[in-house]
Amino acid sequence: MWSFVKLLLLFVAATVCHWAFASLFSFWGLSVNIMLAFTAAFCAVLKPEFGYSAAFVCGLFLDFFGTKLFGNNAFSFTVAACIIYALAERFDFDGIFPQVVSVFGLSVLVSVINALLVWWFASATMWPGFWSVLGGAVIGALLAPAVFWLVRRTLNGGAVCRQR
C-alpha cells in the first residue's frame, strides 16, 4: 500500500514538473515532455503490470489537458513503455548514458507517433516543428538522470518494483 502511495505522489510530482517545464520552455518554442521522462523511469523501475499502467495513466493525463486527438498520448506512452521493457534486457538503466539516450529517442519517437495519429484519425497536421521537438528532446534527455534518480530513490525496492 505504501508503494502505491509513493507512486501516486510521484505521479503528482510528474504532473507539476511537466506543467512547470512546458510553461518555462514554451517561451523559447521548445516542446519539453518531462512526463515522458517520468514514464521511462517508471518503466525502468516498476514491474511490467505497474509500469504499463503508469505509462497509460501519464499519457491519459496529457490527453485530458491537450488540444490534440484524445488518446494519442496514452497510446504513444504505452508504446514507449513497450520499448523500455524491451530494452531493459539490454540496457542498464542505472547508468546515465542509457537514460539520456532512451529519453531522447523516445521523445522524438512519441512526437512522430502523435503527429501521425493526428494526421491519420483527424486528417489534419499538428507538428510543433523540427527544432521544437529536437530542443525539447535534448532538454528532456538532460533532465532524465534526475528524474530516474528521484523515481528510483522514492520507490527503492518496494512491492511494485522489479527485482534486479
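None of the values given here were measured: they were computed from a predicted structure. (Residues numbered from 1 in each chain as written. Predicted model: local features only at pLDDT ≥ 70, side-chain atom pairs only at ≥ 80, totals over all residues. Heavy atoms only, no water.)

**Looking at the overall build of the protein**
To keep things clear, this is the line we draw: Labels follow the DSSP assignment, with helices taken as runs of H or I lasting at least four residues and strands as runs of E lasting at least two, numbered in each case from the N terminus. Each radius of gyration reported is based on C-alpha atoms, and the globular scaling rule is 2.2 Å times the count of residues to the power 0.38. What makes two residues a contact is simply this: any of their non-hydrogen atoms within 4.5 Å.
Counting secondary structure elements, the protein contains 6 helices and 0 strands. Along the protein, from the amino end to the carboxyl end, the secondary structure elements read α-α-α-α-α-α. What you see for the protein is a C-alpha radius of gyration of 15 Å, in line with the 15 Å of a compact globule of 164 residues. In terms of overall dimensions, the protein has C-alpha extents of about 45 × 30 × 25 Å along its principal axes. Once local pairs closer than 6 in sequence are excluded, the contacts in the protein between residues at least 24 apart make up 70%.

**Thoughts on the nonpolar core**
Selection rule: Nonpolar cores were defined as sets of buried Ala, Val, Leu, Ile, Met, Phe, Trp, Tyr and Cys residues, with membership established by side-chain atoms within 4.5 Å. Accessibility here uses a 1.4 Å probe with only protein chains present; expressed as a share of the type maximum, an area under 20% marks a residue as buried, one over 50% as exposed, and anything in between as partly exposed.
Membership of the largest hydrophobic core comes to 35 residues, with the highest contact counts inside it found for F42, F148 and V151. Examining the composition of this core, we find that 11 residues originate from one element, helix α2 (residues 34-45), more than from any other. Dropping the residues within four chain positions of it, V151 is found in contact with L10, F38, A41, F42 and V45.

**A few points about the pattern of salt bridges**
Put simply, the rule is: A pairing counts as a salt bridge when a side-chain nitrogen of Lys or Arg comes within 4 Å of a carboxyl oxygen of Asp or Glu.
One pass over the full model with this rule turns up 1 salt bridge. A salt bridge links D94 to R152; its shortest N-O distance comes to 3.2 Å. Pair noted here: D94 is in the loop between α4 (72-87) and α5 (96-122) and R152 is in helix α6 (residues 130-155), with a separation of 58 residues, a long-range link. Owing to a relative accessible area of 37%, D94 belongs among the partly exposed residues under this scheme.

**Describing the side chain of T15**
Looking at the element boundaries, T15 is found in helix α1 (residues 2-26). The exposure class of T15 is buried, given its relative accessible area of 13%. Apart from the residues within four sequence positions on either side, T15 is in contact with M35 and F61.

**Focus: the packing of α4 against α5**
A pair of packed helices can be characterised by two numbers: the angle between their axes and the separation between those axes. Condition: Interaxial angles span 0 to 180 degrees and are taken between N-to-C directions of axes, which are lines fitted to C-alpha atoms, for helices over the stretch in contact. Throughout, a crossing is termed right-handed when the near helix is turned clockwise from the far one, and left-handed when it is turned anticlockwise from it by less than a right angle. In this classification, the charged set is Asp, Glu, Lys and Arg, the nonpolar set is Ala, Val, Leu, Ile, Met, Phe, Trp, Tyr, Cys and Pro, and all remaining amino acids, among them Gly, are polar.
In contact at an axis separation of 9 Å, α4 and α5 are set at 145° when each is read in the N-to-C sense. Taken as a pair, α4 and α5 cross one another with a handedness that is right-handed. In this structure, α4 contributes N72, N73, F75, S76, F77, V79, A80, I83 and I84 to the contact, and α5 contributes S102, L106, L109, V110, I113, N114, L117 and V118. Residue composition of the contact of α4 with α5, by class: 12 nonpolar, 5 polar and no charged.

**Brief notes about the state of the cysteines**
Selection rule: When two cysteine sulfur atoms are found within 2.5 Å, that pair is recorded as a disulfide.
Counting across every chain of the model gives 0 disulfides. C58 takes part in no disulfide bond, and the closest cysteine sulfur to it belongs to C43, at a distance of 8.5 Å. C58 gets classed as buried once you look at its relative accessible area, which sits at 0%.

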